[in-house]
Structures are given as C-alpha cells and as structure tokens.
Amino acid sequence: DAGITQSPRYKITETGRQVTLMCHQTWSHSYMFWYRQDLGHGLRLIYYSAAADITDKGEVPDGYVVSRSKTENFPLTLESATRSQTSVYFCASSGQGNYGYTFGSGTRLTVV
Amino acid sequence: AQSVTQLDSQVPVFEEAPVELRCNYSSSVSVYLFWYVQYPNQGLQLLLKYLSGSTLVKGINGFEAEFNKSQTSFHLRKPSVHISDTAEYFCAVSDWGRGSTLGRLYFGRGTQLTVWP
C-alpha cells in the first residue's frame, strides 16, 4: 500500500535493551523525520534526514541513532532504552518544497 | 528557530457552536503555516496550509484559518462543530525557502478540542 508505514504499532521493552522502530514510505520523499510526542511537550524532533545517507540531529537526539541507506526507509534505534524514552514515536516524510509533512500512525513504546 | 504558541491547551465547546483555536508564531520573515489534527491513537493529518496568496485558507471538514501577518497569527475556525471534531489540533510553521535548507516544521504544543452534545 502507498503511504508511510511504521512498525511495530506497540512495543514493550526492558531498560537497557536495544530496540529499533521502523519507518517506510512509498513516495520517494527526500525528507524524513522522527518525532516523539509526550504530554506537556507536544512534538519534539529527534532526527531528520534530507536524503539517503544524510542525517542530522533535532532537538532531542540523545540516546537515539538513525540511518538512511535507502530513500524509503528511516529506522530509529534506541541503543540502550531508558524509561524516559517511553513515548509515542512518529515518523514523517516530505517532498521538495515542504508543502506539509505526511505522518505515520505512530509507535507506542513502553520501557519497563 | 521559529516558535509557535497555541494559546489554549484545552477548548471545550457544545455541538453546533462556533470555535476558534488560536495560534501565534514568532518570525520576522515569511513562513508557511499549517494546522494538523490528531484523532485518538492516530497520527497527525493535515487540515489546511497557508503558503501564499489569499489570507483566508479553507481546509477539510469545514475548517478555515486566517493568516494575519501583522499579528503573526494563524487562528483556526469552524462555524459549527460536531462531536466528531473532538481531537487534538496542532499549529505548525515552516521556514522553508527562507534561508533554511530543510524546511522543518516547528509545532505548537497542541489544543485539545472537546465537543459536548
């Protein structure tokens, strides 16, 4: 199906474990983004990518790693999960001109 | 960096009443402006956007917003709300093409609209 897909939708992991959240888009959009959404903080940018092999930090990058070997995929890895990383994570993509982002449905991550 | 202020964190309103959700942004240059809606357990969906031209922008589901450059505002309005409009609404600003190579979106903290029967 066309669109932007995040997986898994829900994930529970233990403190200290590595976990990867997947994001796949079918539009060949250049730009991709990872946000986390927390009560009282709204949406905060973690990492973004302007193209394959080009990534940069956003507002809250600590504890996260991204890669973008292919245009359509933008995985987000928590190297050693902490409880403070319990959140809802959204992936988004945008084409040239940035006429607005398209968001995935989100991944609800709980770190216990 | 841009900043976006949504002046109300919660807006309760009765069905069929009009509603206005307020948004102000800080910028001394031209920007693109957006409103997104988030229904429970879903991602964000674009409601409408202002890129240029007419300052009154119409979006989906009967919503509209007015860009006011002098007041740096982009308030969202609907003349008659339905229970199905209950959701969280996010205002966002982008500085694409204004010295920014990314065009990232800066979001407000959201306004929870609750429509009561």
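If you're wondering where the values come from, they're calculated on a predicted model, not measured in any experiment. (Residues numbered from 1 in each chain as written. Chains lettered and ligands numbered in written order. Predicted model: local features only at pLDDT ≥ 70, side-chain atom pairs only at ≥ 80, totals over all residues. Heavy atoms only, no water.)

**Topic: the nonpolar core**
- Of all hydrophobic cores here, the largest spans 29 residues; its most connected members are Leu33(B), Trp35(B), Leu47(B), Leu48(B), Phe74(B), Leu76(B) and Tyr89(B).
- Broken down by element, this core gets its largest block of residues, four residues, from strand 10 (residues 87–94) of chain B.
- In contact with Phe74(B), not counting residues within four places along its chain, are Cys23(B), Leu33(B), Phe34(B), Trp35(B), Leu48(B), Tyr50(B), Ala65(B), Glu66(B) and Phe67(B).
- Counting 19 residues, the second largest nonpolar core, distinct from the first, contains Tyr31(A), Phe103(A), Tyr32(B) and Leu105(B). (Core = buried A, V, L, I, M, F, W, Y, C linked by side-chain atoms within 4.5 Å. Buried < 20%, exposed > 50% of the residue type's maximum accessible area, 1.4 Å probe, protein only. Helix = DSSP H or I, 4+ residues; strand = E, 2+ residues; numbered from the N terminus. Contact = heavy atoms within 4.5 Å.)

**Comments concerning the state of the cysteines**
All names here are of chain A.
- Counted according to the given criterion, the structure contains two disulfides over all chains.
- For Cys23, the disulfide goes to Cys91, at an S-S distance of 1.8 Å. Here Cys23 and Cys91 share a disulfide; its torsion about the S-S bond, -75°, makes the bridge left-handed. In this pair, Cys23 sits in strand 3 (residues 19–25) while Cys91 sits in strand 9 (residues 87–94), placing the two residues 68 residues apart along the sequence. For the pair Cys23 and Cys91, a shared accessibility class is recorded, and that class is buried. (Disulfide = S-S within 2.5 Å.)

**With respect to the interface of chain A and chain B**
- Taken residue by residue, the interface counts 23 residues in chain A and 21 residues in chain B.
- Across the contact surface, chain A and chain B share zero salt bridges.
- Taken together, the links from chain A to chain B amount to five residue pairs in polar contact (both at pLDDT 80 or more).
- Elements with a minimum of two residues in the side of chain A that touches chain B: strand 4 (31–38) and strand 5 (42–51) of chain A.
- Broken down by class, the residue content of the side of chain A that touches chain B amounts to ten nonpolar, ten polar and three charged. (Salt bridge = Lys/Arg side-chain N within 4 Å of Asp/Glu carboxyl O. Polar contact = N/O pair within 3.5 Å; in protein donor to acceptor, adjacent residues only side chain to side chain. Nonpolar A, V, L, I, M, F, W, Y, C, P; charged D, E, K, R; others polar.)

**Remarks on unusual backbone geometry**
- In this structure, the amide linkage connecting Ser7(A) to the following residue, Pro8(A), adopts the cis form with an omega of -5°.
- Looking at the secondary structure, you find Pro8(A) in the loop between strand 1 (4–7) and strand 2 (10–13).
- Its identity is not glycine, yet Asn61(B) carries a phi of approximately 60°, on the positive side.
- Here Asn61(B) is to be found in the loop between strand 7 (56–58) and strand 8 (64–68).

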